[in-house]
Amino acid sequence: MAVYLLRRVALAVGVLWAAYTVSFVVLYLLPGDPVATMAAGGDGEPVSPAELDALRARYGLDQPLIVQYGTKLWAALQGDFGRSFATGQDVSSAIGEALPSTLQMSLCGLLVAIVFGSAVALTATYTRSRWLRQVLMGLPSLAVSLPVFWVGLMLVQLFSFRLGLLPSVGARGPEALVLPAITLGLPTGALIAQVLAKSMSQALDEPYVTTARAKGVGEAGVHLRHALGNAVIPALTVFGYVVGNLLAGSVVVETVFTRPGLGRLTVSSVGVQDIPVVQGIVVFAAFVFVLVNLAVDLIYPVLDPRIATGAAL
């Protein structure tokens, strides 16, 4: 078990290092001059070459790329991702200010995804109606194929403009969370439904399920007590992926619904080539992704002890 944990933690550290390095190389090798872009967005006064050089020196951009990488990596290890080129604000503070709104929306989206995905998968495998089963099994494929922005616009058109039930933009009040959470959670829930329905179908064909039925266990008991426990492991595998998907989807959803958050901060930072903020968000997203996947890896042995010893692999 200790070897299993050490291996997973080492893998998580390696993924974080790779995320930082790849984002650094991509962002700092992009064409264009972020300092010139920052200076052009000021009060309109022309900036002399000497002033541009002073700004580059201030942010360490006059150093060789390998020196910048080493300096910034060491600072990042201490939790310092520098200051925004555009506002001068500390990157960690900027992310901290934008995070609560995105976190609130992502958790609501995750709740929608789990409820929707589990309900579709369990109902589809429980019902004896063939047509209902086919309809429910087809829903996830349809939901996954729909673009997130299109779903958001359709929900706004129906519930905001036609029915007038929910606000179309903004972040005031719990009602403003409903449409963004559904938009964010629907494709994620469809993915959960696909995986859970398939693994439930396989689990229901296992001999232990036949034995449980022969002993007189009801169909609901077979589903919830016997099949679901084993079928949930593959669904748990995609949990780490869907959390990353929720963070990525927040960029689109926050733009569609004009909500503050990490997604809007990412869009505005990319627009002005604010490299420290963009890299801070990329590394933060990677950290969340790694943390969730590490938690999932630690839950595996609890659900199936054979995984820790490699017997189930």
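Residues numbered from 1 in each chain as written. Predicted model: local features only at pLDDT ≥ 70, side-chain atom pairs only at ≥ 80, totals over all residues. Heavy atoms only, no water.

Novice: Whenever I open this one, the packing of aromatic side chains confuses me. Can you help?
Specialist: The description of an aromatic ring pair rests on the distance of the ring centres and on the angle between the ring planes. Taken as a whole, this structure holds three aromatic pairs when the rule is applied. Between Tyr20 and Tyr69, the aromatic rings sit 6.2 Å apart at their centres with planes inclined by 50°, giving tilted as the arrangement. Remark: Tyr69 occurs in helix H4 (residues 65–77) and Tyr20 occurs in helix H1 (residues 2–28); sequence separation between them is 49 residues. For Tyr69, a relative accessible area of 16% gives the class buried. Here a set of aromatic residues connected by ring pairs shows up, and it is made of Tyr20, Phe24 and Tyr69. (Phe/Tyr/Trp six-rings, centres within 6.5 Å; stacked < 30°, edge-to-face > 60°. Helix = DSSP H or I, 4+ residues; strand = E, 2+ residues; numbered from the N terminus. Buried < 20%, exposed > 50% of the residue type's maximum accessible area, 1.4 Å probe, protein only.)

Novice: I keep staring at the confidence of the model for the chain and nothing clicks. Help me out?
Specialist: In low-pLDDT regions, the fine details of the predicted coordinates are not to be read closely. The predicted model of the chain averages 82 in pLDDT, with 93% of residues at 70 or higher. Of all helices and strands in the chain, the one with the weakest mean pLDDT is helix H14 (residues 306–309) (60), whereas helix H5 (residues 91–126) scores best (89). (pLDDT = per-residue confidence, 0-100.)

Novice: What am I meant to see in the UniProt feature "transmembrane region" (unreviewed entry) in the chain here?
Specialist: The positions that UniProt labels "transmembrane region" (unreviewed entry) are, in the present scheme, residues 9–30, 103–123, 135–156, 176–197, 232–257 and 277–296. For residues 9–30, the end-to-end C-alpha separation is 32 Å, with 91% helix and 0% strand making up the annotated structure. The distance separating the terminal C-alpha atoms of residues 176–197 is 31 Å; by composition the span is 100% helix and 0% strand. (UniProt positions renumbered as here; feature names shortened; annotations may be inferred.)

Novice: What should I look at first to understand the layout of surface pockets in this one?
Specialist: If a probe as big as a water molecule is rolled over the atoms, it shows which places are left empty. Approximately 300 Å³ is the volume attributed to the largest pocket. Residue lining of the largest pocket: 17 residues in total, with Tyr59, Lys72, Ala75, Phe81 and Gly82 positioned closest to the centre. Those elements giving two or more residues to the lining of the largest pocket turn out to be H1, H4 and helix H13 (275–303). Take the lining of the largest pocket: its biggest share by element is five residues, from H4. If you add up the space inside the second largest pocket, you get close to 250 Å³. Contributing to the lining of the second largest pocket are 14 residues, with Leu247, Ala248, Ile281, Val282 and Ala285 lying nearest its centre. For the lining of the second largest pocket, the secondary structure elements donating two or more residues are helix H11 (239–256), helix H12 (262–271) and H13. Looking at the lining of the second largest pocket, its residues break down into ten nonpolar, four polar and no charged. (1 Å grid on protein atoms, 1.4 Å probe; cavity = no way out; pocket = protein on both sides within 12 Å on 5 of 7 lines; lining within 4 Å. Points joined across faces, edges and corners; volume = space filled by probe spheres on them. Nonpolar A, V, L, I, M, F, W, Y, C, P; charged D, E, K, R; others polar.)

Novice: How should the environment of Val302 be read in this particular structure?
Specialist: Within the secondary structure, Val302 is located in helix H13. Residue Val302 is classed as exposed on the basis of its relative accessible area of 66%. Residues Val302 and Ala119, spaced 183 residues apart in sequence, show a C-alpha to C-alpha distance of 24 Å.

Novice: Where do I start with a nonpolar patch on the surface in this structure?
Specialist: Side chains of Phe149, Trp150, Leu153, Met154 and Val252 sit close together on the surface and give an oily, nonpolar patch of about 450 Å² of accessible area. Here the nonpolar patch takes four residues from helix H7 (residues 148–162), the largest share from any one element. The residue Met154 is located in helix H7 in this model. Residue classification places Met154 among the partly exposed residues on the basis of a relative accessible area of 39%. (Patch = residues over 30% accessible without salt bridge, like charges linked within 9 Å, V, L, I, M, F, W, Y side chains within 5 Å. Areas by Shrake-Rupley, 256 points an atom, 1.4 Å probe, with all protein chains shown as cover. Salt bridge = Lys/Arg side-chain N within 4 Å of Asp/Glu carboxyl O.)

Novice: Looking at this model, I keep getting lost on the side chain of Asp274. Mind explaining?
Specialist: Tracing the backbone shows Asp274 in the loop between H12 and H13. At 10 Å, Lys72 is the nearest oppositely charged side chain to Asp274, a buried residue that forms no salt bridge. Engagement of the side chain of Asp274 in a polar contact is seen with the backbone nitrogen of Phe85, the distance being 2.8 Å. Not counting residues up to four positions away in its chain, the partners in contact with Asp274 are Ser84, Phe85, Ala86 and Ser269. (Lys, Arg positive; Asp, Glu negative; His and termini not counted. Polar contact = N/O pair within 3.5 Å; in protein donor to acceptor, adjacent residues only side chain to side chain. Contact = heavy atoms within 4.5 Å.)

Novice: It is not clear to me how the packing of helix H9 (residues 207–214) against helix H10 (residues 219–237) should be interpreted in this structure. Could you clarify?
Specialist: Each packed pair of helices is defined by two parameters, the angle between the axes and the distance between the axes. The N-to-C vectors of H9 and H10 enclose an angle of 155°; their axes lie 10 Å apart at closest approach. By the angle between their axes, H9 is roughly antiparallel relative to H10. Pair H9 / H10 crosses with right-handed handedness. For the pair formed by H9 and H10, the contact residues are Tyr208, Val209, Ala212 and Arg213 on the first element and Glu219, Val222, His226, Ala227 and Asn230 on the second. Grouping the amino acids of the contact of H9 with H10 by side-chain chemistry returns five nonpolar, two polar and two charged. (Axes fitted to C-alpha atoms, helices over the stretch in contact; angles between N-to-C directions. Parallel < 35°, antiparallel > 145°, perpendicular 65-115°, else oblique. Left-handed = near helix turned anticlockwise from the far one by under 90°.)

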